[in-house]
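Structural features, examined
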Amino acid sequence: MTPDIRLVSDSELGSFSWRWPETIEHFERGYAALVRFKGREFRIRHGIGRRTVYGRPRLHSVTWVENRPTVEGVEADDFARSQSLLSLIKVTKRHLRPTDPLPPEYSGFTVGVMSEEAPGRYSPRSLAVKIRLDDIEGWSRHALLCSAAWGRLRSERRPRSSLPATTAPGPGPEKIPARSDGHAVAAALLRHRPKFEPGSTGNTPDFTPNAEANELVRTDRFAFLTAVLFDQGVPAERAWTAPYLLRQRMGHLEPARIAGDPEGVRRAIQMQPKLHRYITKMPRWLVGAARKVEQDYHGNAHAIWSDRPSAVELQRRLSEFHGIGQKKAAMAVEILSRALGVPIDGMAGSDVAVDVHVRRVFLRSRIADRDDRDHMITAARKLHPSRPGALDFPAWDVGRNWCHAGAPDCGHCPLTHVCPKDIERAAGVTSA
């Protein structure tokens, strides 16, 4: 019986690369798909490139299941007529021979013998499926069947971002730059930035879907500081809603009272549903911030930035709060200036907040050569010296909404025509 495998959505990809243990393989184009199999959804990526196989240069493909390379395809000798690639059937620990029975789940495929369809040095006399190079449904089915046969689909289901609509394919490889132009990528990010400026759409900036929570962090400076503290290891919307929920639970958001009530703060944060995943550190950071505001700023968080400090000085002041490092401090400086209109001098001293989304975009667009915080900060300073931090929010937005960790939505991304789409350079990027 043929398993129920259904293509949910798919999209075209531009060029990308994959790092094998001993080399890097470049794929001129490809496809991303979301496929339902045995009641679960799996991310599939199918890349099409060219390399020497069986004695001559041939079209070569790799199909990934959940970012794991699973099956390969090689150009058939009759490609000019069939437009097909061949892929060995690997449902056992050895290749299936022509005399072996064909597994019933492969009954719907065209099946041939590799050494006859793609003769050459080392070409095995083994059964292979023959699939059109652009048949993403066929390649997904083949890859999932192999994964299932080898017991690789046992992990728990994980939430995922949706793939782009099938009606809006990405650009062809001729539109993808072979090398990165960092200045072109930076310019595209800056063109994307105005949509987040106050008044660009006639609305005040929103941090969460909750209007009252937005109003609180816009008008209460200690609430803003609290949101910055909470913005770690949780979705941004959850972090920026936390001050509003904390005020509801405690009945106030006054630094003096918070500084004197560490047990009450702890209970409020740990109350179900918990306000944060860090139920030990977060109360300690918040109480510490309230005490510092009381001692150093006379109980007024607004005094942290009310004297029009430079970006460098303001980032230094914020970094003095336990729980606020470079990433949060740089983010807060940009939000205060860009979204809340706080006067800050010397924005040439601003920096990008090197979080997981910014890191992914900087690596895949080749703005940065390596996953290193200081290197990425330096790269932003060189590309936009008048205000390096201006690259931060658009890069974060691109990383969150298009440049996903799994299957990126390159076709819709604002950077698509300038980004080299070096997808695998960010394979090791995590939120840690």
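Every value quoted in this text rests on a predicted model; they were computed, and no experiment measured them. (Residues numbered from 1 in each chain as written. Predicted model: local features only at pLDDT ≥ 70, side-chain atom pairs only at ≥ 80, totals over all residues. Heavy atoms only, no water.)

1. Comments concerning a positive patch on the surface
A cluster of basic side chains, namely Arg238, Arg277, Lys281 and Arg284, defines a positive patch on the protein surface. Turning to its location among the elements, Arg284 is positioned in helix H10 (residues 281-297). (Patch = residues over 30% accessible without salt bridge, like charges linked within 9 Å, V, L, I, M, F, W, Y side chains within 5 Å. Areas by Shrake-Rupley, 256 points an atom, 1.4 Å probe, with all protein chains shown as cover. Salt bridge = Lys/Arg side-chain N within 4 Å of Asp/Glu carboxyl O. Lys, Arg positive; Asp, Glu negative; His and termini not counted. Charge placed at Lys NZ, Arg CZ, Asp CG, Glu CD. Helix = DSSP H or I, 4+ residues; strand = E, 2+ residues; numbered from the N terminus.)

2. Digging into the pattern of salt bridges
What the rule picks out here adds up to 31 salt bridges. Arg218 is paired through a salt bridge with Glu215; the nearest N and O atoms lie 3.1 Å apart. One end of the pair is Arg218 and the other is Glu215, both in helix H5 (residues 211-219) and three residues apart, which spans about a single turn. Taking the relative accessible area as the measure of exposure, Arg218 reaches 16% and is therefore buried. (Buried < 20%, exposed > 50% of the residue type's maximum accessible area, 1.4 Å probe, protein only.)

3. Describing the packing of helix H6 (residues 221-230) against helix H7 (residues 236-250)
In the contact formed by H6 and H7, the axes pass within 7 Å of each other and the chain directions differ by 130 degrees. One way to sum up the angle between H6 and H7 is to call them oblique. As for how H6 packs across H7, the hand of that crossing is right-handed. Facing H6, whose interface residues are Ala223, Phe224, Thr226, Ala227, Val228 and Phe230, H7 presents Ala239, Trp240, Ala242, Pro243 and Leu246. The residue makeup of the contact of H6 with H7, split by class, is ten nonpolar, one polar and no charged. (Axes fitted to C-alpha atoms, helices over the stretch in contact; angles between N-to-C directions. Parallel < 35°, antiparallel > 145°, perpendicular 65-115°, else oblique. Left-handed = near helix turned anticlockwise from the far one by under 90°. Contact = heavy atoms within 4.5 Å. Nonpolar A, V, L, I, M, F, W, Y, C, P; charged D, E, K, R; others polar.)

4. Let's talk about the nonpolar core
The biggest cluster of nonpolar side chains holds 87 residues, and the ones touching the most others in it are Trp240 and Leu415. The contact partners of Trp240, leaving out residues within four places of it in the chain, are Phe207, Thr208, Ala213, Val217, Phe224, Ala227, Val228, Asp231, Met331 and Ile335. Grouped together as the second largest cluster of nonpolar side chains are 30 residues, Ala33, Val65, Val71 and Leu153 included. (Core = buried A, V, L, I, M, F, W, Y, C linked by side-chain atoms within 4.5 Å.)

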